[in-house]
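Spelled out, the chains give:
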Amino acid sequence: MHEDLAAITRRMRAHIVAMLAEAGSGHPGGSLSATDIIATLYFSHMNVDPNNPDWEDRDRFVLGKGHAAPALYAALALRGFFPEEDLLTVRKIGSHLQGHPCMNTTPGVDMSTGSLGQGLSVANGMALAGRIDHKDYYVYCVMGDGEIQEGQVWEAAMSAAHYGLDHLIAFVDHNGLQIDGSNDDVMRVTPIAQKFRAFGWNVLEVADGHDLQALDEAVAQAKRNEGTPTVIVCETVKGKGVSFMENEVDWHGVAPTKEQAKAALAEIEAPDAPGKE
Amino acid sequence: MNSATREAYGAALAELGNKNPNVVALDADLAGSTKSATFGKAHPDRFFDMGIAEADMIGTAAGLATCGKIPFASSFAVFCTGRAFEQIRNSVCNPELNVTVVGSHAGPSCGEDGSSHQAMEDIAIMRALPNMCVVVPADDVEAYAATLALGEYVGPAYLRVARLASPTIHDEDYEFDLLRGDLLREGDDVTVVACGMMVPRALEAADQLAEQGISAQVVNMHTIKPIDGELLEACARKTGKVITIEEGSIVGGLGTAVAEVLSERYPVPVRRIGVNDVFGTSGPGAALLDYYGLNAEHIVKVAHELCD
């Protein structure tokens, strides 16, 4: 595990809050819940080269829940794909940082996403291509819990198992909330692990999706699995790291004001902030 | 000779696979019908049946394309363009990925399966997507050539092929130019712009019209997007009247595309022949073409209305 990973996640969270406040719109809740998963991948596991974003042997990442783009952008900037200053241009005309990930404008984005439910199929295609070419790269896909209400996810779940894509590692960011309310109120998605098991997947569960050590170990374990795709179901907190956003569905798709951002940044940087050691 | 365009597509796809190891094919449990199975038989390690799951098929094709593969994803036109429309929009066309979607059994010539299986709107909806190239080959020779051309073309494309066998109009040495319409016959009084299996019918109509004193020229507009506006303008300038005919809805298809171009470049009277904004019905494919007025007689009648 990257030794400064906790510090990196704090910096990512600070960037997420700052860029969304600057943009005046966007999705803080789901970006903050996925931050630790994305940080674990980009800083402890993914074999990527910021100087050669299209390197054909690289590991791939597909953000199924494309609205968490700020978390991905923060990780890419900190990993060196583009300057951190760019982050404040997100969602503005002419920016390479679109409201949802765009592979044709942002260095390091492996697939354009935003329409929920399409990412896992794309990740499967990347994994199949790797198999055809006898390459060893891994393909990671992060999905939201609301996202798995999309039927295409289960089509793709069938395909990944049918083709035995063991270099595909998916995540479900299970924060329990979606735009209209809780998953349970809108459309129940549980039991998630049992569903994937029934589809023939290797299923790992991380009880605290913000525990960097646990996430790291789960990914390492997933990589040792052979013959089946792995999904890591992570129990997370929407808005994690900003007290007034945590577990509040209203923070799904609303940007903080400048004042709220200031308060949030103070919390993130505070000595006892979540993720602080 | 005189085989269905889907047959030629399958054969050409297998040949593409011989030429280029990056060509891969996907189908949604209709490989025997779309003829992608011809590729599957030749290149089993590069053929993926995705089951009855068109959305997943398109997404998987997109993922393969991001890694340098050249995917052809086939199903019946109504399913791959309709069921998976938004996947084609967001996972293929928006990121400009090199995926060719192949819709077979398009139009009423699909036949007995009836309205649920007869794509009328596929040209319209594929044409509406930015970055999309839309190709409707006129016969088996052209379908073969178009498939090879799309294997070279980089970017999203839609290839529409038919279930029904239709007459071959091209010689074996026909040279296909993806971006140029093909002026098959010169004439002075009216231009008939056709695509797909309506092209031989347009030629038949031109023969009949010649006997009746009307000189019709015939254009095979195999590529509907990007459309050859230069050729259309030249035809409009020369004949002053245009008839379009297509095996699909008159809403948004070839006729619409021609009218759009001519209304801005050189407005002349345009009459569109196609399926008049209705769903299909069951019956033998060839008979249904007549049932919907997709034949030479209808072209002749409209030509007289315009020219007499």
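Procedures and definitions
Residues numbered from 1 in each chain as written. Chains lettered and ligands numbered in written order. Predicted model: local features only at pLDDT ≥ 70, side-chain atom pairs only at ≥ 80, totals over all residues. Helix = DSSP H or I, 4+ residues; strand = E, 2+ residues; numbered from the N terminus. Rg over C-alpha atoms; globule rule 2.2 N^0.38 Å. Buried ≥ 20, exposed ≤ 12 C-beta atoms within 10 Å, placed from the backbone. Contact = placed C-beta atoms within 7 Å. Pairing = 2+ DSSP bridges. Axes fitted to C-alpha atoms, helices over the stretch in contact; angles between N-to-C directions. Core = buried A, V, L, I, M, F, W, Y, C linked by C-beta atoms within 7 Å. Domains from an automatic or database assignment.

**Student:** Pulling in residues and values, what's your account of the overall build of chain A?
**Tutor:** When helices and strands are counted, chain A shows nine helices and seven strands. Its C-alpha atoms give chain A a radius of gyration of 17 Å, within 12% of the compact-globule value 19 Å for 277 residues. Along the first, second and third principal axes, the C-alpha atoms of chain A reach 50 × 45 × 35 Å. Counting only residues that meet the buried cut, chain A has 55% of its 277 residues in that class. In chain A, the proportion of contacts linking residues at least 24 apart, taken out of those at least 6 apart, comes to 76%.

**Student:** Break down the overall build of chain B for me, citing the residues and quoting the values.
**Tutor:** The helix and strand tally for chain B stands at 13 helices and 12 strands. When each of the 308 residues of chain B is scored for burial, the buried share is 63%. By sequence separation, contacts in chain B at least 24 residues apart represent 79% of the contacts at least 6 residues apart.

**Student:** Go over the sheet that holds strand β7 (residues 230-235) of chain A, please, and point to the residues and values.
**Tutor:** Residues and elements named next belong to chain A. Pairing in this open sheet of five strands is parallel, and the strands run β1-β2-β3-β7-β6 from one edge to the other. A strand with exactly one partner marks an edge of an open sheet, and here the two such strands are β1 (60-63) and β6 (202-206). The mean inter-strand angle of the sheet, taken between neighbouring strand axes irrespective of direction, is 20 degrees. In this structure, β6 lies alongside β7, joined through five bridges in parallel fashion.

**Student:** Break down the sheet that holds strand β12 (residues 270-275) of chain B for me, citing the residues and quoting the values.
**Tutor:** Residues and elements named next belong to chain B. Spatially, five strands are ordered β7-β9-β8-β11-β12 in an open sheet, and the strand pairing comes out mixed. Strands with a single pairing partner mark the edges of an open sheet, and in this sheet they are β7 (182-185) and β12. Between one strand axis and the next, the sheet turns through 25 degrees on average, direction left out of account. Strand direction decides the pairing type here: β7 and strand β9 (residues 216-220), joined by three bridges, are antiparallel. If you follow aspartate 182 over to β9, its bridge partner there is asparagine 220. Along the sheet face, helix α9 (residues 198-211) touches β7, β8 (190-194), β9 and β11 (242-249) and points at about 170 degrees away from the line of β9. Each of β7, β8, β9 and β11 is contacted by helix α10 (residues 229-239), which is oriented at about 175 degrees to β9, the strand it contacts most.

**Student:** Break down the nonpolar core for me, citing the residues and quoting the values.
**Tutor:** All names here are of chain B. Membership of the largest hydrophobic core comes to 201 residues, with the highest contact counts inside it found for Val192, Ala202 and Ile299. Structurally, this core is a two-domain feature, drawing no fewer than three residues from each of domain 1 (5-160) and domain 2 (182-307). Setting aside its immediate chain neighbours within four residues, alanine 202 contacts Val192, Ala194, Val218, Ile245 and Ile299.

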